[in-house]
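If you want the building blocks of each chain, they are given just below.
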Amino acid sequence: MYFIELNNGVEIPQIGMGMAAIGSWQQDNGYVTEVLLKAMAIGYRHFDTASVYGNERALGRAIKESGIPREELFITSKVWDTEQGGKKTHDAFARSLERLKLEYLDLYLIQWPVPAYTRETWEAMEALHQQKKVRALGVSNFRKSDIEQIASFAEIRPVINQIELHPYFTQQPLVDYCQFHKIAISCWSPLGTGAWSGVPLAEKPIVDPVITEIAEKYSATPAQVILKWNVQQHRIVVPKSESLEHIRTNFLLSDFNLSNTDIQLINNLNCNNRLGGDPDYAHKKNITLKVPD
């Protein structure tokens, strides 16, 4: 298992299980718990959920049923747009803990930037950190201007910025900025395969000839090549899968290493093709999406 040390000394597994859209809005459906238990049996210890995903309860059940000691797990959740603000963030965090049946989180993120509420939200999160209810604080989908806003008042700096990042959308200037300030990069949709994007599979990086050729060279899958491309550049990945075979192969990356030439070839595939939400306007749409109970 690969680890990264965050800027506050906390260690995070580089390969996590992304939970967006796994049984979303069906948190009492045992199917989600079964998927997560399979991932735990394979070796996953890092799970990335959010209040708006609707599956925190399923993760809580999986944690309990697995018998894995709490200290061996790394659990991330996120505060949604409609939950941002001082008291609202405290309440949202408490609801997440209750759904997960945990006493603390390892990482808590602001899921999307809503600049009008950022200060209240971050200060509420700092209070939770001081109360030892969360080990590390971070952000998601934050632009450089959003990070600069936090830097103007924060007593605790973010440890992570979780962003859309895949071979067709590398966001290199933002990545460089974050890494310069010792903010780790976590990649959501690292394979660029989200069905929600509306982009046909034939136009996604996982079937790009450059990547498939590299995969053949190492007798690996294209997904493994893309994930290793991130891991070797010290980024965190949280791929989502419900297939046992994909869950397994996404986790088992130790049999090969990409050359510097391979990494550069994949870097060169960038075409600034964003497949998910754009933080410039996403929160205006997200504000109407309610968090499930």
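Going along each chain's sequence as written, the residues are numbered from 1 onward. It should be noted that, the model being predicted, local features are given only for residues of pLDDT at least 70 and side-chain atom pairs only at 80 or more, the latter also being counted only at that level, while totals for whole chains, interfaces and linings use all residues. Side-chain metrics in this entry use all non-hydrogen atoms of the structure; hydrogen atoms and water are not considered.

S.K.: Quick one: what's the story with the overall build of the chain, residue by residue and with numbers?
M.R.: A count of helices and strands for the chain gives 11 helices and 10 strands. As defined in this context, the radius of gyration uses C-alpha atoms, and a globule is described by 2.2 Å times the residue total to the power 0.38. Relative to its length of 293 residues, the chain is compact, with a C-alpha radius of gyration of 18 Å against a globular reference of 19 Å. The dimensions of the chain, computed from C-alpha atoms along their principal axes, are 55 × 40 × 35 Å. Each residue is placed in one exposure class: buried if its accessible area under a 1.4 Å probe, protein chains only, is under 20% of its type's maximum, exposed if it is over 50%, and partly exposed if it falls in between. In the chain, which comprises 293 residues, the share counted as buried stands at 57%. Contact criterion: two residues are considered in contact whenever any of their non-hydrogen atoms come within 4.5 Å of each other. Summarising the internal contacts of the chain: among those between residues at least 6 apart in sequence, 74% fall at separations of at least 24. Element-wise, carbon and sulfur atoms account for 51% of the exposed surface of the chain, whose accessible area totals about 12700 Å². In the chain, 30 side chains carry a positive charge and 34 a negative one; their mean positions are 3 Å apart. Secondary structure elements follow DSSP: runs of H or I no shorter than four residues count as helices, runs of E no shorter than two count as strands, and numbering proceeds from the N terminus. Each accessible area value is a Shrake-Rupley result obtained with a 1.4 Å probe; residue values ignore everything except the protein chains displayed when judging cover. We treat Lys and Arg as the positive residues and Asp and Glu as the negative residues; His and chain ends play no part in the count. Note on charges: their place is set at NZ of Lys, CZ of Arg, CG of Asp or CD of Glu.

S.K.: Help me get a handle on the nonpolar core, residues and values and all.
M.R.: Core analysis: the biggest nonpolar cluster contains 74 residues, and Met17, Phe47, Leu59, Ile75 and Leu105 have the highest contact counts within it. Examining the composition of this core, we find that 6 residues originate from one element, helix α8 (residues 222–231), more than from any other. Not counting residues up to four positions away in its chain, the partners in contact with Leu59 are Met19, Leu36, Met40, Phe47, Thr49, Ile75 and Leu100. Each nonpolar core is a collection of buried residues, namely Ala, Val, Leu, Ile, Met, Phe, Trp, Tyr and Cys, held together in the definition by side-chain atoms within 4.5 Å. Residues Ile4, Phe74, Leu109 and Val159 belong to the second largest nonpolar core, which totals 12 residues.

S.K.: Give a description of helix α2 (residues 56–66) that names residues and reports values.
M.R.: Residues Glu56, Ala58, Leu59, Gly60, Ala62 and Ile63 constitute the buried set of α2. Where the residues of α2 are buried, they touch α1 (30–42), β4 (46–48), β5 (74–79) and α3 (86–100). Looking at the residues trailing α2, positive phi occurs at Gly67, about 75°.

S.K.: Explain the pairing of strand β9 (residues 184–188) residue by residue, including any values.
M.R.: In terms of burial, β9 is a largely internal element, 5 of the 5 residues being buried. On β9, burial covers both faces: Ala184, Ser186 and Trp188 on one face and Ile185 and Cys187 on the other are all buried. Where strand β8 (residues 160–164) meets β9, 5 bridges bridge the pair, whose relative direction is parallel. Across the sheet, the residue bridging to Gln162 is Ser186, located in β9. Note that the unit made of β8, helix α6 (residues 172–180) and β9 has a crossover that is right-handed. Strands were regarded as paired on the criterion that DSSP finds at least two bridges between them. Sheet analysis places β9 next to strand β10 (residues 236–237), joined by 2 bridges and oriented parallel. Its bridge partner being in β10, Ser186 is matched across the sheet by Ile236. When the strands point away from the viewer and the path from the first strand over the helix to the second turns clockwise, the crossover is right-handed.

S.K.: Any details on the pattern of salt bridges? Residues and values, ideally.
M.R.: Throughout this description, the term salt bridge denotes a Lys or Arg side-chain nitrogen within 4 Å of a carboxyl oxygen of Asp or Glu. For the structure on display, the rule yields 14 salt bridges. Close ionic contact of Glu123 with Arg119 constitutes a salt bridge, the shortest N to O distance being 2.8 Å. With Glu123 and Arg119 both in helix α4 (residues 115–130), this residue pair falls 4 residues apart, about one helical turn. Within the structure, one salt-bridge network assembled from shared partners comprises Arg57, Glu98 and Lys101.

S.K.: Describe the sheet that holds β9, listing the residues and the values that go with them.
M.R.: Taken together, the 8 strands give an open sheet; going across it, the order is β3-β4-β5-β6-β7-β8-β9-β10, and neighbouring strands pair in parallel fashion. The two strands at the open ends of the sheet, each matched to only one other strand, are β3 (17–18) and β10. The strands touched by α6 within the sheet are β8 and β9, with β8 carrying the most contacts at an inclination of about 170°. The convention used is that axes are lines fitted to C-alpha atoms, helices contributing only their stretch in contact, and that angles between N-to-C directions extend from 0 to 180 degrees.

S.K.: Quick one: what's the story with the environment of Val52, residue by residue and with numbers?
M.R.: Along the chain, Val52 turns up in the loop between β4 and α2. Judged by relative accessible area, Val52 falls into the buried class, the value being 7%. Residues Val52 and Ala20 lie 32 residues apart in sequence; the distance between their C-alpha atoms is 8.8 Å.

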